[in-house]
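Structural features, examined
If you want the building blocks of each chain, they are given just below.
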Amino acid sequence: MTVHANLIAGEWRESARTTENVNPSDTSDVIGTYCQGSREDVDDAVAAARAAQPAWGAASPQVRHDVLEAAGAAIMARKEEIGRLLSREEGKTLAEGIGETARAAQIFKFFAGEALRNAGDALASVRPGIDVTIEREAVGVIGMITPWNFPIAIPAWKIAPALAYGNAVVLKPADLVPGCAWEIANILKDAGCPDGVFNLVMGRGSVVGARIVEHPDVDAISFTGSVPTGRGIAVACAESGKRVQLEMGGKNPMVVLDDADLDIAVSAAVNSGFFSTGQRCTASSRVIVTAGIHDRFLEKFAEATKALKVGNALDSATQVGPVVDARQLEGNLGYVDIAREEGCEVIGGERIEGPGFFQRPAIFAGARNDMRVCREEIFGPCVSVIKVADYDEALAVANDTDFGLSAGICTTSLKAATHFRKNSKAGMVMVNLPTAGVDYHVPFGGRKGSSYGPREQGTYAREFYTIVKTAYIQA
Ligand code: NAD
């Protein structure tokens, strides 16, 4: 079988260690063999990026536009094929895999345009005869470390702005899902991205990721993943003076008020909690329901959840694919036990025997916000339902968490929706919509334990990937 090599300085380079990319829907299906790089591979990739960045940063924005546009077009043209690869390696349904791939293409196309719009400012100095200009320059070499749950969208939303603004990149994707990242590398190479401007080093976090973070010639780190890994990276970056951006976990609340449209609320809760097998940082894992609608909501939510078809991600009838691997499945099942021990009524949640890692979506009814299942990120298809007296208590419970990524409310009251939008302590607020499902052209990110540093995506991504220079000129 072909070994998928790392891309370093424009060359495909194999490594001594490899890993097999296995389909979580069917572990007998091996997608391919992928290299696991070494510290030396990282050093070579960083050296190549350092050498290539000045010319890339100084190139006409048309050059950068054209590479990003071509990459976006290539991803879009192959969205069915790459989407299928994504679903095979990560386990989200085929529709979700193709959708994520199309989104990655749109992100590349969006930032192709942004390369041409990197405007600065010009002001008169307070001192006569002097002009002041404010321009944004590339930061330099950006190290990127990404998680397994969005194998193409998250690499895309880091790579595209970094390249648009003239940076060079070293990407380490999650070891569980190297396939889509490898496709991006291949596409960028074909799109004319100069040697060394984009480098891919696949492999383990403790080896490849750690070396990228500690490397003295990396200027900035963009990380998405879990809180413990992110916090460690933030400390290392503070010590070495690197710019850092972290997107981490969530324990996202969805509030359902007495006046909610019940069908909208149930549909939003099912989508937020269980689509993509609940493996989304924006998934809603706490549904907070006021007393007047609680029983009706729970009954319909349970009914809709029981009707979900769990199965092979590539089967067109499947609504919920597998859990990503055995370890994550064991963790989810452990939380099902914890929910019972903590006194919840558990609906669903059972392991489904099969050739992959399957679990029925789980509802933890009768949950209290101080339970472990309401405080810790589970990152699986497990949703706690918390009953509260009224809107004020719902808002307090929604905000009572260490995280602050996304929050939702289902209500027909403009007053309640507006109050929630203004008072939710989350980075993203959704009204009568799932907490997950975000646009690619607007900022994405959270507060508190969920995020650190400037926002990703949309025009706001420029904050992280550029550095401001103020110049004073006397003619
Ligand atoms: P993880 O923290 O285990 O791994 C993330 C990445 O960090 C992987 O590439 C991993 O190899 C690497 N890594 C691990 N140890 C490292 C180290 N010591 N030094 C450098 N790199 C290291 O997270 P995961 O399990 O891949 O992803 C799930 C987590 O990601 C969840 O907590 C989820 O909420 C979060 N997530 C957040 C967002 C967001 O935008 N907020 C989006 C998607 C996922």
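Notes on the structure in this doc start here. (Residues numbered from 1 in each chain as written. Predicted model: local features only at pLDDT ≥ 70, side-chain atom pairs only at ≥ 80, totals over all residues. Heavy atoms only, no water.)

1. Describing the site of the ligand
Basically, it comes down to this: Near is defined per residue: the residue qualifies when any heavy atom it owns lies within 4 Å of the molecule or strand. Pairs of N or O atoms are called polar contacts if they sit within 3.5 Å, as long as, within protein, a hydrogen donor faces a hydrogen acceptor (for residues adjacent in sequence, only side-chain-to-side-chain pairs). Surface accessibility in these figures is a Shrake-Rupley result with a 1.4 Å probe; residues are shielded only by whichever protein chains are displayed. Only protein atoms enter the calculation, which uses a 1 Å grid: trapped sets of points that fit a 1.4 Å probe without letting it out are cavities, open sets showing protein on both sides within 12 Å along at least five of seven lines are pockets, and any residue with an atom within 4 Å of a point is a lining residue. Each molecule is assigned to a cavity or pocket provided more than half of its atoms lie within 2 Å of the corresponding grid points. For helices the rule is a DSSP run of H or I covering at least 4 residues; for strands it is a run of E covering at least 2, with both sets numbered from the N terminus onward. Three residue categories are used. Nonpolar comprises Ala, Val, Leu, Ile, Met, Phe, Trp, Tyr, Cys and Pro, charged comprises Asp, Glu, Lys and Arg, and polar comprises the others, including Gly. Domain start and stop points were drawn from an automatic or database domain assignment.
Not every one of the 26 residues close to the ligand is listed here, only the nearest: Thr146, Ser226, Met248, Cys281 and Glu377. Contacts to the ligand include Trp148, whose side-chain N or O atom sits 3.0 Å from an oxygen atom. With respect to the ligand, the side chain of Glu377 contributes an N or O atom lying 2.6 Å from an oxygen atom. Taken by itself the ligand offers 850 Å² of open surface, and the protein chains cover 84% of this. Applying the majority rule of atoms within 2 Å of the grid points places the ligand in the largest pocket. Contributing elements (two or more residues each) for the shell around the ligand: α7 (205-214), β11 (220-224) and α8 (227-240). Broken down by element, the residue count for the shell around the ligand peaks at three residues, all from α7. In terms of residue class, the shell around the ligand is made up of 14 nonpolar, nine polar and three charged. When residues of the shell around the ligand are assigned to domains, at least three fall in each of domain 1 (3-248 + 450-474) and domain 2 (252-431).

2. What about the packing of aromatic side chains?
The criterion, for reference: Stacked, tilted and edge-to-face are the three classes assigned to paired rings of Phe, Tyr and Trp, where Trp is represented by its six-membered ring and a pair needs centres within 6.5 Å; plane angles under 30 degrees give stacked, over 60 edge-to-face, the rest tilted. For each residue, the accessible area found with a 1.4 Å probe, counting protein chains only, is set against the maximum for its type, and the residue is called buried under 20%, exposed over 50%, and partly exposed in between. The criterion is that NZ of a Lys, or CZ of an Arg, lies within 6 Å of the ring centre and within 35 degrees of the ring normal, and then a charge sits over that ring.
Scanning all chains against the criterion turns up eight aromatic pairs. Ring centres of Phe110 and Tyr440 lie 6.3 Å apart, and the angle between their planes is 80 degrees; this geometry places the pair in the edge-to-face category. Of this pair, Phe110 sits in helix α4 (residues 94-115) while Tyr440 sits in the loop between β21 (428-431) and β22 (451-452), and the two are 330 residues apart along the sequence. Among the residues examined, Phe110 registers a relative accessible area of 17% and is labelled buried. We classify Tyr440 as partly exposed; its relative accessible area is 27%. Three or more aromatic residues joined by ring pairs form one cluster here, namely Phe110, Phe111 and Tyr440. For Lys92, the ring lying beneath its charged end belongs to Phe150, and the centroid distance is 3.7 Å.

3. Here's the deal with the layout of surface pockets
Inclusion rule: Grid points are joined across faces, edges and corners, and a volume is the space filled by probe spheres set on the points.
Put simply, the largest pocket is a space of about 1,200 Å³. Lining the largest pocket are 46 residues, and of these Pro147, Trp148, Ser226, Arg327 and Gln328 sit closest to its centre. Top contributing element to the lining of the largest pocket by residue count: helix α11 (residues 326-341), with five residues. Grouping the constituent residues of the lining of the largest pocket by class yields 21 nonpolar, 15 polar and ten charged. Both domains that meet at the lining of the largest pocket, namely domain 1 (3-248 + 450-474) and domain 2 (252-431), each give it at least three residues. In this structure, the second largest pocket spans a volume of roughly 280 Å³. In terms of lining residues, the second largest pocket is bounded by 16 residues, among which Glu100, Arg103, Phe150, Arg280 and Gly437 are the most central. The biggest single contributor to the lining of the second largest pocket is α4, with five residues. Its residues assigned to classes, the lining of the second largest pocket comprises seven nonpolar, four polar and five charged. Looking at the lining of the second largest pocket, you find at least three residues from each of domain 1 (3-248 + 450-474) and domain 2 (252-431).

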